Amino acid sequence: MPHYPSWQDTLAGKTWRTTHFPRIKADMPTFLGVPYAIRDEDLAGADAVIIGAPFAAGWGTKYSGVDKAEWLAATVRVRQQSIRYRGGYVQDFDLDIFEHLKVVDYGDVDIPLEASYEGTVERILEAQEGVERKVKAALAAGAVPIVIGQNSPCASYAIGRPVAEHVKGPVGMISLDTHWDCWPYDWATMNDHVAGSTNWKDKLFRDCPSYAIRNLVEIGERGMLENPEIIRHYLRNGACFMPMWKIRTELGIQGVIDNLRHAYDGTAGVYAHFDMDVLGGAGPTEGDILGELAEPIGMTDYEAIRIAHEVGKRGCDGLSFLCIPPGSAIMYRVIVYAVTYFLAGLAMRKAGQTGT
């Protein structure tokens, strides 16, 4: 596991920043230093709301062979890495996102630590409910909820369902992942009420008829991990599937971007989900930090960030991140970039500068 710098090391040498920026906790600044929202009314007028969902699935101290403490630290560490930057100015586009967007940080959902170590159905559903409450508050304020989490249902279904309930009409989905997460049941609990790591997408389609498989854009899976009948079911029903092999040999990143249209065709809204195990071993650090989740032919950091930006340009009603590779400062910065470049896309859209 790469050495993760302490909070003091992260602050050291950042001469362009003072220690005076909003903090949620002593070691947790707000994302990019945006205002800290402590109640629902603080969301008024926001275009986007950052929400942390610290939850690791299952029983015991490890998830996929990695200590759960490393997974749970993501909501703190992503924010810590964000504060190293000057603010919302993205030099690639000569664009300051905060000149166009109001962004606030709504802190972390109050999920009891025990929920990540004692995988009872009751604790899972309580954690999910807490995330849904904050997501619904953001949607009610007219903002895009951006949830930084680690496991389902708290960083997938808990965003996808409120989006479906909020949008008036069909909803498309853009999903980056190594796995389809479409089994008809949750492997961990075998309980029909749980939208877990193996089944959250199947449950979302079953529970929310406004999602249609023909408006699913699935990006990044590869290899020998899936049941063929499950995949063939989605293909027969019109899902746009872009496995990494096809991206490398045929589509390229521009082909992926062109195919995002399938999530928008005939829909009134879009939910975008980034499962960051999609990076595998192709990101800016070794794939093994993901434990058992690492797979060859991974997506690059640029590809994931570019997709996030293009989704922002086209419009999006909810965005979520999970399985953020643990313990690496540069990998947390990938999330900072993905969120910021997504916001840049939203800002371009608001300013009428998308060119799409």
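Predicted model, so just to flag it, every value in this text is computed and none were measured. Throughout this document, residue positions are counted from 1 along each chain, in the order its sequence is written. This being a predicted model, a pLDDT of at least 70 is required before a residue's local features are given, and a value of 80 or more before pairs of side-chain atoms are given or counted; all residues contribute to the totals for chains, interfaces and linings. Only hydrogens and water are removed before side-chain values are computed, so all heavy atoms of the structure are retained for them.

What follows covers the pairing of strand β14 (residues 318–322). Along any regular strand the residues' side chains alternate between the sheet's two faces. For the exposure calls, accessible area comes from a 1.4 Å probe over protein chains only, and a residue counts as buried if that area is under 20% of its type's maximum, exposed if over 50%, partly exposed in between. In this description a helix means any DSSP run of H or I spanning at least four residues, a strand means any run of E spanning at least two, and both kinds are numbered starting from the N terminus. The buried fraction of β14 amounts to 5 of the 5 residues, a majority that puts the element mostly inside the structure. Alternating residues of β14 divide into Gly318, Ser320 and Leu322 and Leu319 and Phe321, and every residue in both groups is buried. One ladder, built from 3 bridges, connects strand β9 (residues 144–149) with β14; its direction is parallel. Within β14, the residue paired with Ile148 across the bridge is Phe321. Sheet topology places strand β13 (residues 269–275) next to β14; 5 bridges connect them, and they run parallel. Across the sheet, residue Ala272 finds its bridge partner in β14, namely Leu319. Think of it this way: DSSP has to see at least two bridges between two strands before they count as a pair.

What describes two packed helices is the angle between their axes and the distance between those same axes. Two elements in contact, helix α5 (residues 157–166) and helix α6 (residues 200–207), have axes separated by 10 Å at closest approach and are oriented at 20°. By the angle between their directions, the pair α5 and α6 is classed as roughly parallel. Considering how the two elements wind past one another, α5 and α6 form a crossing that is right-handed. Taking contact as the criterion, the partners of Tyr157, Gly160 and Arg161 in α5 are, on α6, Trp200, Lys203, Leu204 and Asp207. When residue character is reported, Ala, Val, Leu, Ile, Met, Phe, Trp, Tyr, Cys and Pro are called nonpolar, Asp, Glu, Lys and Arg charged, and the others, Gly included, polar. Residue composition of the contact of α5 with α6, grouped by class: 3 nonpolar, 1 polar and 3 charged. Axes, fitted as lines to C-alpha atoms, cover a helix only where it is in contact. Angles between the N-to-C directions of the axes lie from 0 to 180 degrees. Each angle is binned into one of four classes, with values under 35 degrees roughly parallel, values over 145 roughly antiparallel, values of 65 to 115 roughly perpendicular, and all other values oblique. Each helix crossing is assigned a hand: it is left-handed if the near helix lies turned anticlockwise from the far helix by less than a right angle, otherwise right-handed if that turn is clockwise. Contacts are residue-level and defined by heavy atoms, with any inter-residue pair within 4.5 Å sufficient.

Attention now goes to the nonpolar core. Among buried residues, those of type Ala, Val, Leu, Ile, Met, Phe, Trp, Tyr and Cys that are joined through side-chain atoms within 4.5 Å constitute a nonpolar core. Of all hydrophobic cores here, the largest spans 62 residues; its most connected members are Ile146, Ile174, Ile219, Ile307, Phe321, Phe342 and Leu343. With 15 residues, the single largest contributor to this core is helix α11 (residues 329–350). Beyond its immediate chain neighbours, meaning those up to four positions away, Ile307 contacts Leu176, Ile219, Ile253, Val256, Ile257, Phe274 and Met299. Grouped together as the second largest cluster of nonpolar side chains are 57 residues, Ile51, Ile111, Cys208 and Ala239 included.

Moving on: the environment of Gly149. Position of Gly149 relative to the elements: it lies in strand β9. The class for Gly149 is buried, based on a relative accessible area of 0%. Sequence separation between Gly149 and Met276 is 127 residues; the distance between their C-alpha atoms is 11 Å. Beyond its immediate stretch of four places on either side in the chain, Gly149 contacts Ala53, Ala155, Phe321, Leu322, Cys323 and Ile324.

At a minimum axis separation of 10 Å, helix α8 (residues 244–259) and helix α10 (residues 301–314) run at an interaxial angle of 35°. For α8 against α10, the interelement crossing comes out left-handed. Where α8 abuts α10, its residues Met244, Ile247, Arg248, Ile253, Gln254, Val256 and Ile257 lie against Tyr302, Glu303, Arg306, Ile307, Glu310 and Arg314. Of the residues assigned to the contact of α8 with α10, the class counts are 7 nonpolar, 1 polar and 5 charged.

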